[in-house]
2 protein chains.
Amino acid sequence: MEPLTERTPRVVSSVKLHRTADRKKTGEFLAEGANAVGSALDGGHVSELFYTADAGARAMALVDRALKSGLRASLVNDKAARALGDTVTPPGLVAVCRQIDVPLSQVLGAKPRLLAVPIDIADPGNAGTVVRVADAVGADGVVFAGNTVDPHNGKCVRASAGSLFHIPIARERSIDSVLDSLTDIRLFATAADGEVDLDDADELLDGPTAWLFGNEAHGLPSSVLARADHRIRIPIQGRAESLNLATAAAICLYASSRAQRRGKSIS
Amino acid sequence: MEPLTERTPRVVSSVKLHRTADRKKTGEFLAEGANAVGSALDGGHVSELFYTADAGARAMALVDRALKSGLRASLVNDKAARALGDTVTPPGLVAVCRQIDVPLSQVLGAKPRLLAVPIDIADPGNAGTVVRVADAVGADGVVFAGNTVDPHNGKCVRASAGSLFHIPIARERSIDSVLDSLTDIRLFATAADGEVDLDDADELLDGPTAWLFGNEAHGLPSSVLARADHRIRIPIQGRAESLNLATAAAICLYASSRAQRRGKSIS
């Protein structure tokens, strides 16, 4: 079997999925590497698979699974793999996937107990890391609100380490719509000058909670801070001005997850 | 005054500090942007400053401070600023700094109550984020052990957001030497299958603690795990396999910092 090349039309059109506009047009995106491709297959999100001879040998089970599910899985040459890949040393295993975001109503209909709500988040690495943390602490979903990076961006997919396929993700451009929909759940905003110290927040954290995380440079808009039930500050002890978005989100989401487990084990 | 160009010998030799080998040879490194340069000036680490006309207008106070301290501060053209910068859109303000690491004995001589010890860490972004988190939670230092990335790497400096200049940093290639030196302090290793759940670790965490964090891909070597007083697992609730290094470190370091504050307020 001759491998497809970087000039094969299907490869060419898949490579275009690196661009936001083409992802929007087609409703598809790329996920690379055994970890992400395995999670995408688990979730039934894959529409097509490309692999190099080397990668196919290493990930034979995944290629087999794709073929047995009736998916098209095609051998590609190294040049095609580099074009399809998003990294300097591409893994040579790339899935074309259907986009994973679901309507906000679906996330909220499941009566979530813990949500991450990044607002106006700009960096795809941060976006993916928040999704990974949310998955790890057992959150029920991530709602990207406002003018955020596309969670199907290659760097976000990579940073999520498969978690993008594990938990429900919603996108909603209107921040007000998101906040209006978040009823029956406490809204906690992270803020450097919040009135509640996270050290003292355990009693507040054991109920259903949505954490609002702001933009990397500007934080949360004051209108959002005003609508939150509480504004929480992570106490800064040293001379750092702040934590970065992903580490702050990790600390807050773990604190909630732990408080909810304790609440359950007591009641 | 004519701006220096990308061909001015001092600019040329400073640009070389992007390379590990040249940093090693000269004992200098680059820090860019108002935040990092300000922290470097605070710590007395700057040996020379370069700025573009635009950046100089925005950060006039910093340039003045450098000049008043008797430092050489030179106007450079945009091409020189791009060469000195480490990012796609360089801030146009770059300090040549003396390297900040101190001997391990100095970090340990200060009787630290909380240390971060990344071992064999490979990614400069993770390294810088760990330094930033350690600073934010009030840790007493960061000890880079084993075969780690150079903390003076440009991405590390940027990710640390100035914190590299705030807390003592040591580097020691021999992991055994580091572990041998860490007496009078509990060694906690992060491990996916650790015998202690972080949820239940509060009582263990209120004493002097050094957190050992492992390589991004391989975690900690079994010899290190065996030498730790406790192996701690962050409970994973969802389908994520793990957390990334920086978010795991944030959760552990914040947990220690909080437990130590509580211990103090009770005693």
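Since the structure is predicted, the reported quantities are computational estimates derived from the model, not experimental observations.

(A) Representation of the sheet that holds strand β2 (residues 46-51) of chain A within the structure. All names here are of chain A. Taking strand neighbours across the sheet as the criterion, the 4 strands line up as β1-β4-β2-β3 in an open arrangement whose pairing is mixed. Edge positions in the sheet fall to β1 (28-32) and β3 (72-75), since each of these pairs with one other strand and no more. Put simply, the sheet's adjacent strands are angled 20° from each other on average, direction ignored. Relative to strand β4 (residues 93-98), β1 runs antiparallel, the two sharing 5 bridges. Within β4, the position partnered with Glu 32 by the bridge is Val 94. Packed onto the sheet, helix α5 (residues 60-68) meets β2, β3 and β4 and runs at close to 140° relative to β2.

(B) The arrangement of the environment of A:Phe50 in detail. All names here are of chain A. With respect to the secondary-structure elements, Phe 50 resides in strand β2. As a C-alpha pair, Phe 50 and Leu 4 span 46 residues in sequence and 8.9 Å in three-dimensional space. In this structure Phe 50 touches Leu 4, Arg 10, Val 11, Ser 14, Ser 74, Val 76, Leu 84, Gly 92, Leu 93, Val 94 and Val 96, once residues within four positions along its chain are discounted.

(C) Quick look at the side chain of A:His166. Tracing the backbone shows A:His166 in the loop between α9 (154-160) and β7 (169-172). Judged by its relative accessible area of 15%, A:His166 is buried. A distance of 3.0 Å separates a polar atom in the side chain of A:His166 from a polar atom in the side chain of A:Ser39. Once residues within four sequence positions are removed from consideration, A:His166 is found in contact with A:Ser39, A:Asp135, B:Arg239 and B:Ala240.

(D) Here's a closer look at the relation of the copies chain A and chain B. Take chain A, turn it by 180°, move it 0.0 Å along the axis, and it overlays chain B with an RMSD of 0.0 Å. Overall, the copies show the geometry of a two-fold rotation axis. Both copies share a contact surface, since 100% of the interface residues of chain A are interface residues in chain B too.

(E) Empty space enclosed by the protein, seen in detail. Under the definition given, this model contains 2 cavities of 30 Å³ or more. Counted as a void, the largest cavity has a volume near 190 Å³. Lining the largest cavity are 15 residues, and of these A:Tyr254, A:Arg258, B:Tyr254, B:Ala255 and B:Arg258 lie nearest its centre. Secondary structure elements with two or more residues in the lining of the largest cavity: α13 (245-266) of chain A together with α13 (245-266) of chain B. Here the lining of the largest cavity is built from residues that sort into 9 nonpolar, no polar and 6 charged. Considering only enclosed or pocket space, the second largest cavity measures out at about 90 Å³ in volume. Lining the second largest cavity are 13 residues, and of these A:Leu30, A:Ala31, A:Glu32, A:Asp86 and A:Gly154 lie nearest its centre. Of all the secondary structure elements, the ones that give two or more residues to the lining of the second largest cavity are β1 and α9 of chain A. Residue composition of the lining of the second largest cavity, by class: 6 nonpolar, 3 polar and 4 charged.

About the cut-offs
Residues numbered from 1 in each chain as written. Chains lettered and ligands numbered in written order. Predicted model: local features only at pLDDT ≥ 70, side-chain atom pairs only at ≥ 80, totals over all residues. Heavy atoms only, no water. Pairing = 2+ DSSP bridges. Helix = DSSP H or I, 4+ residues; strand = E, 2+ residues; numbered from the N terminus. Axes fitted to C-alpha atoms, helices over the stretch in contact; angles between N-to-C directions. Contact = heavy atoms within 4.5 Å. Buried < 20%, exposed > 50% of the residue type's maximum accessible area, 1.4 Å probe, protein only. Polar contact = N/O pair within 3.5 Å; in protein donor to acceptor, adjacent residues only side chain to side chain. Least-squares fit on C-alpha atoms with pLDDT ≥ 70 in both. 1 Å grid on protein atoms, 1.4 Å probe; cavity = no way out; pocket = protein on both sides within 12 Å on 5 of 7 lines; lining within 4 Å. Points joined across faces, edges and corners; volume = space filled by probe spheres on them. Nonpolar A, V, L, I, M, F, W, Y, C, P; charged D, E, K, R; others polar.

Purely geometric numbers; function is a separate question.
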